[in-house]
Number of protein chains: 2
Amino acid sequence: MYTLLKQFLINNMKVDEGELDVFCKRFRHKTTKRNEILLQIGDVCPYIYFVNSGCLRIYMLDVNGKESTRFLVTEGRFGTSFPSFTLQEPSLAYIQSIEPSDVLYISHYDFNKLFDDFPGWEHSYRIGLQMDYIASIKRIESLITMDAKQRYQSLMETNPALIQRLPSKIIADYLGISQETLSRLKSKK
Amino acid sequence: MYTLLKQFLINNMKVDEGELDVFCKRFRHKTTKRNEILLQIGDVCPYIYFVNSGCLRIYMLDVNGKESTRFLVTEGRFGTSFPSFTLQEPSLAYIQSIEPSDVLYISHYDFNKLFDDFPGWEHSYRIGLQMDYIASIKRIESLITMDAKQRYQSLMETNPALIQRLPSKIIADYLGISQETLSRLKSKK
């Protein structure tokens with residue numbers, strides 16, 4: 001149950017085996033169904049998730065009520081509606097498990113206690129946060145500076161498995177292109 | 001020269017007066033002209049800046065070569081081409097001082113040494129990073145979920161001074177709306 005989280009910690013933090021167990025036991029465990037909604041828009045996000053298997057989607061509704069995918073979170077990564085979880089304010093996004101998923105989760109209070117109880121966590125969380133922030137900026141950059149073909153090629157380079165395993169509708173939405181364009185780009189490979 | 005940076009540190013970090021001076025002296029100082037380019041696209045960003053006065057603009061070129069403003073950094077805030085500075089890779093964005101500005105700056109190497117030499121800095125930088133990451137997500141959210149009028153009203157609530165002091169072209173671009181729409185929204189106030 002904690003294998004991937006332990007691996008994540010060993011890769012990113014100076015901890016001994018005993019501390020690893022104490023750290024991991026702060027997290028609770030659940031399995032989710034395909035398309036299960038874990039957070040509604042307007043609710044304060046109580047948890048940050050760590051994905052053991054499956055995929056979480058964080059998405060919003062645009063001005064016309066159309067779904068717009070902000071992030072896709074796969075195995076071995078943390079994910080949440082970050083502004084809502086961090087500031088404990090109503091969320092502008094849904095969290096949905098787009099595949100049947102196996103996740104660990106921890107409350108806002110317990111998550112913040114990790115910083116007090118495990119001094120090495122501050123450093124490794126800061127490094128992870130930098131990477132998430134960079135991913136978010138690169139997302140904005142790619143939406144602004146790349147055309148459909150370049151965005152598709154970029155995803156093919158960084159996460160080709162995602163294109164295979166998720167529905168075309170979600171991938172097209174994530175890339176900000178139409179399903180027809182995605183289908184055309186796929187057939188050219 | 002270090003007044004604003006010291007205030008920032010006192011607000012965000014446990015430090016005594018002696019440490020504050022040592023910390024601040026790691027930064028160098030310069031003044032910039034209106035529209036001076038501090039970083040070119042394609043160069044590795046060597047510095048992170050702290051703005052004493054004035055305003056830095058981080059902007060990219062879209063697929064049609066049109067300027068697209070990613071961030072505006074005003075007094076008392078840190079700013080850089082974050083992916084390029086953090087990963088020391090070529091930048092996809094320019095940094096420009098859009099007003100005559102007074103800034104402090106520090107190299108990538110010296111910035112990372114701050115984490116070793118000032119243990120409290122890891123915590124306060126993490127908190128600042130969270131706020132920058134949230135600002136970036138809220139930027140994406142507002143571009144997706146709000147129409148022109150809502151985005152303008154949101155900026156009026158969070159940073160009305162910016163609308164007064166910067167050229168309409170920059171504000172319109174930052175909000176992702178046309179100058180005509182911005183002018184119409186301004187006249188309605």
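Residues numbered from 1 in each chain as written. Chains lettered and ligands numbered in written order. Predicted model: local features only at pLDDT ≥ 70, side-chain atom pairs only at ≥ 80, totals over all residues.

Trainee: I'm lost on the interface of chain B and chain A in this one. Help?
Mentor: By convention, interface size is frequently given as the accessible area that disappears when the constituent parts associate. Residue-level contacts link 29 residues of chain B with 29 residues of chain A. Among the elements of the structure, strand 4 (55–61), strand 5 (67–74), helix 3 (82–87) and helix 5 (119–145) of chain B are those that each provide at least two residues to the side of chain B that touches chain A. Looking at which element gives the most residues to the side of chain B that touches chain A, the answer is helix 5 of chain B, with 16 residues. Tallied by class, the residues present in the side of chain B that touches chain A amount to 15 nonpolar, six polar and eight charged. (Contact = placed C-beta atoms within 7 Å. Helix = DSSP H or I, 4+ residues; strand = E, 2+ residues; numbered from the N terminus. Nonpolar A, V, L, I, M, F, W, Y, C, P; charged D, E, K, R; others polar.)

Trainee: Help me out: how do you make sense of the packing of helix 1 (residues 3–12) of chain A against helix 2 (residues 17–24) of chain A in this one?
Mentor: Working note: a packed helix pair is described by the angle between its axes plus the distance between those axes. All names here are of chain A. Where helix 1 meets helix 2, the axes come as close as 10 Å, and the angle between the chain directions of the two elements is 125 degrees. Our classification of the angle between helix 1 and helix 2 gives oblique. Where helix 1 crosses over helix 2, the handedness of that crossing is right-handed. Contacts from L5, K6 and L9 of helix 1 reach helix 2 at L20, F23 and C24. (Axes fitted to C-alpha atoms, helices over the stretch in contact; angles between N-to-C directions. Parallel < 35°, antiparallel > 145°, perpendicular 65-115°, else oblique. Left-handed = near helix turned anticlockwise from the far one by under 90°.)

Trainee: Just checking my understanding: could you explain the domain arrangement of chain A for this structure?
Mentor: Residue and element names in this part refer to chain A. As assigned here, chain A comprises domain 1 (3–143) and domain 2 (146–189). One C-alpha centre belongs to domain 1, the other to domain 2, and the line joining them spans 24 Å. Each side of the interface is counted separately: domain 1 has nine residues, and domain 2 has nine residues. Residue assignment for the side of domain 1 that touches domain 2 shows that the elements contributing at least two residues are strand 5 (67–73) and helix 5 (119–145). Looking at the side of domain 1 that touches domain 2 element by element, the count peaks at four residues for strand 5. Looking at the side of domain 1 that touches domain 2 residue by residue, the class counts come to four nonpolar, three polar and two charged. (Domains from an automatic or database assignment.)

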